[in-house]
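# Working through the structure, step by step
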Amino acid sequence: MRPDRIIVDEVRGGEALDTLQAMNTGHDGSLTPVHANSPRDAVSLLETLVLIAGFDLPIRVVREQIASEVDRVVQQTRLRDGQRKISPITEIVGMEGDTVVMSEIFRFKETGTGPEGRVLGEIRPTGIRPMSGHPLEAAGFKLPPEMFGADAFALRSPQGSP
């Protein structure tokens, strides 16, 4: 069938292994939602779901496959006023020993409260430029350095802490 993208509607079980294997066939831009409290928890959940697929795979092999096939974890959070916002965007950088290394690229920064108690804010860079920017640039997306560094100091300052 030769699809351009593979999109799996929420993995909840052993199909996580099939999803990772499908992503390993060279389909850039594949995605699947998982329900987790953080990007790190999402990776842990994927590990667990792959392990319950019924194959006797070493955890390191599972982690290497996740680190190889998953580029980013984009988390959506429900704010206290009920809005849903993209909160962290985290890049999976690779492996260090037996650990999947992750780097937070963007984070939602609350800036105040608007009319009717609505949370105000925006997604801001953390100051870390993603390692995987080259494929995006090769596809025609210009990624200026300031896109990843603007306001990084304010985001990390004590009064700017989330």
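What counts as what
- Residues numbered from 1 in each chain as written.
- Predicted model: local features only at pLDDT ≥ 70, side-chain atom pairs only at ≥ 80, totals over all residues.
- Heavy atoms only, no water.
- 1 Å grid on protein atoms, 1.4 Å probe; cavity = no way out; pocket = protein on both sides within 12 Å on 5 of 7 lines; lining within 4 Å.
- Points joined across faces, edges and corners; volume = space filled by probe spheres on them.
- Helix = DSSP H or I, 4+ residues; strand = E, 2+ residues; numbered from the N terminus.
- Nonpolar A, V, L, I, M, F, W, Y, C, P; charged D, E, K, R; others polar.
- Buried < 20%, exposed > 50% of the residue type's maximum accessible area, 1.4 Å probe, protein only.
- Arc of directions from axis to C-beta.
- Contact = heavy atoms within 4.5 Å.

## Section: the layout of surface pockets
Taken as a whole, the largest pocket holds about 1,300 Å³ of empty space. Forming the boundary of the largest pocket are 38 residues, of which L31, T32, R72, V73 and V74 lie nearest the centre. Counting residues per element, the ones that place at least two in the lining of the largest pocket are α1 (15–23), α2 (39–51), α3 (59–69), β1 (72–78) and α4 (133–138). Here the lining of the largest pocket takes seven residues from β1, the largest share from any one element. Here the second largest pocket defines a volume of roughly 220 Å³. Taken together, R72, V74, I89, I105, F106, P130, L136, F141, L143, M147 and F148 form the lining of the second largest pocket. Counting residues per element, the ones that place at least two in the lining of the second largest pocket are β1, β3 (99–113) and α5 (146–149). Its residues placed into classes, the lining of the second largest pocket shows ten nonpolar, no polar and one charged.

## Side note on α1
Among the residues of α1, A16, L17, T19, L20 and M23 are the ones counted as buried. For α1, the arc enclosing every buried residue in end-on projection is 160°, short of the 170-degree limit, so these residues lie on one face. Tucked into the core, α1 has its buried residues touching α2 and α3.

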